[in-house]
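So you can see what is in the structure, the chains are spelled out below.
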Amino acid sequence: MKITMAHGSGGKATGELIEKIFAGRFSNEILDAMEDCAVVPGTAQIAITTDSFVVTPLEYSGGDIGRLCICGTVNDLLARGAKPKYITCGFIIEEGADTDLLERIADSMAATASESGVLIVAGDTKVIEGDGGLYINTTGVGIMQEGIDISCKNCKPEDVVILSGNIGDHHAAILSHRMNIDNTIESDNAPLVDMVEGLLENKIEIHAMRDVTRGGLGTVLCELARSSGVGIEIQEEKIPVDIQVRAFAKILGLDIMHMGNEGKLVAIVPGKDSERALEIIRGRKYGENAQIIGYVTEGAGVTMLTSIGGKRMVGELIGEGLPRIC
Ligand code: MG
């Protein structure tokens, strides 16, 4: 069935759209109440984040907009050390969208929410004129644990920089799809709950953490260095990159340091905890390729020791990058 403007009317067709595609799949006690807003328990400090997802294509190798919109929001909560608990989702659906596609995306959202341990507690659908497209906004709420202070401002000289795995996969998967290039590269879109839980449970002193998304590793490291008023020095040969992604980037002249990801994080930890933190991340879901890639210095900016023995400054992504990657 195709979505029509009637599905956005707020009347019977809207009710059927919500009922048939979303409500059952996201079912939980809080959502099922179908009130004007969700009421959830909470006494601690809470973390809140919101993000809109406009990725195209809606389905790609290794994922889809449904998995992406949960991962992106969950990972932003995790980056401050919050425990992700609740998600709201707003769907903007263009007329002509196929309900089979919407069902697959809702299934993917439900599965990723379940994997992440979050409940989808509120949602909204709107239908607009268009050509079968879909946009999703998700807001996430997490609970802060007491005594956790993870912030971009907390990097200190001699801290160690850990990267949780291969970079560039999401970017390469999306671009391969758009360019009709046949390869087996898959997006890395993944919720990083397990590895962050591992670090927190084992009392690793995390100074700063960021998920590495659009803008890539280079941009994230520059932002960390600037926020903390420090420098960061990394070694190119330590940065894990899939062999196919490396070849793909080389052919197209893409800078690995600015390629987008959706299931990777950078953790800045003191030297005393760095080996233990690396071991924990490697032992957790999606962390098997983690590496220590460098350390924090007293300088400024991000410097990379290149594989051929040179030294270059790493900048933030400037300009457009790849549009609609997330
Ligand atoms: Mg983020």
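What counts, and where the lines are drawn
- Residues numbered from 1 in each chain as written.
- Predicted model: local features only at pLDDT ≥ 70, side-chain atom pairs only at ≥ 80, totals over all residues.
- Heavy atoms only, no water.
- Patch = residues over 30% accessible without salt bridge, like charges linked within 9 Å, V, L, I, M, F, W, Y side chains within 5 Å.
- Areas by Shrake-Rupley, 256 points an atom, 1.4 Å probe, with all protein chains shown as cover.
- Salt bridge = Lys/Arg side-chain N within 4 Å of Asp/Glu carboxyl O.
- Helix = DSSP H or I, 4+ residues; strand = E, 2+ residues; numbered from the N terminus.
- Buried < 20%, exposed > 50% of the residue type's maximum accessible area, 1.4 Å probe, protein only.
- Core = buried A, V, L, I, M, F, W, Y, C linked by side-chain atoms within 4.5 Å.
- Contact = heavy atoms within 4.5 Å.
- Pairing = 2+ DSSP bridges.
- Axes fitted to C-alpha atoms, helices over the stretch in contact; angles between N-to-C directions.

With that out of the way, let us pick up a nonpolar patch on the surface. Together, Met 179, Ile 181, Ile 251 and Leu 252 give the surface a local cluster of nonpolar side chains, amounting to about 370 Å² of exposed area. Here Ile 181 lies in the loop between helix H5 (169-178) and helix H6 (193-201). The class for Ile 181 is partly exposed, based on a relative accessible area of 34%.

Core analysis: the largest hydrophobic core is formed by 91 residues, its most contacted members being Phe 26, Ile 93, Leu 217, Leu 221 and Ile 239. When residues of this core are assigned to their parent elements, the largest contribution, seven residues, is made by helix H4 (residues 99-116). Apart from residues no more than four positions distant in its own chain, Leu 217 is found in contact with Leu 163, Ile 167, Val 212, Ile 239, Met 257, Val 266 and Ile 293.

Tallying each qualifying case throughout the model produces 18 salt bridges. Glu 115 is paired through a salt bridge with Lys 285; the nearest N and O atoms lie 3.0 Å apart. Residue Glu 115 is located in helix H4, and its partner Lys 285 is located in the loop between helix H9 (271-283) and strand S11 (291-297); the two are separated by 170 residues in the primary sequence. Residue Lys 285 is classed as partly exposed on the basis of its relative accessible area of 42%. Its salt-bridge partner being Arg 284, residue Asp 194 comes within 2.9 Å of it at the nearest N-O pair. Taken as a pair, Asp 194 in helix H6 and Arg 284 in the loop between H9 and S11 lie far apart in primary sequence, 90 residues in all. Residues participating in the shared-partner salt-bridge network are Glu 205, Lys 272, Asp 273 and Arg 276.

Let us now look at the sheet that holds strand S1 (residues 46-53). Sheet strands pair by backbone hydrogen bonding; their relative direction is either parallel or antiparallel. On the basis of which strands lie adjacent, the open sheet formed by four strands has the order S1-S6-S4-S5 and mixed pairing. Whereas interior strands pair on both sides, the edge strands pair on one side only; in this sheet they are S1 and strand S5 (119-128). Geometrically, the sheet is characterised by an average inter-axis angle of 15 degrees between neighbouring strands, direction not taken into account. Of the pairings in the sheet, the one linking strand S4 (residues 82-94) to strand S6 (residues 134-144) comprises eleven bridges and is antiparallel in character. Counterpart to Ile 87 in the pairing with S6 is Gly 140. Across the sheet, helix H3 (residues 65-78) lies against S1, S4, S5 and S6, angled at about 150 degrees from S1, the strand it touches most. The strands touched by H4 are S4, S5 and S6; relative to S6, the strand with the most contacts, the crossing angle is about 10 degrees.

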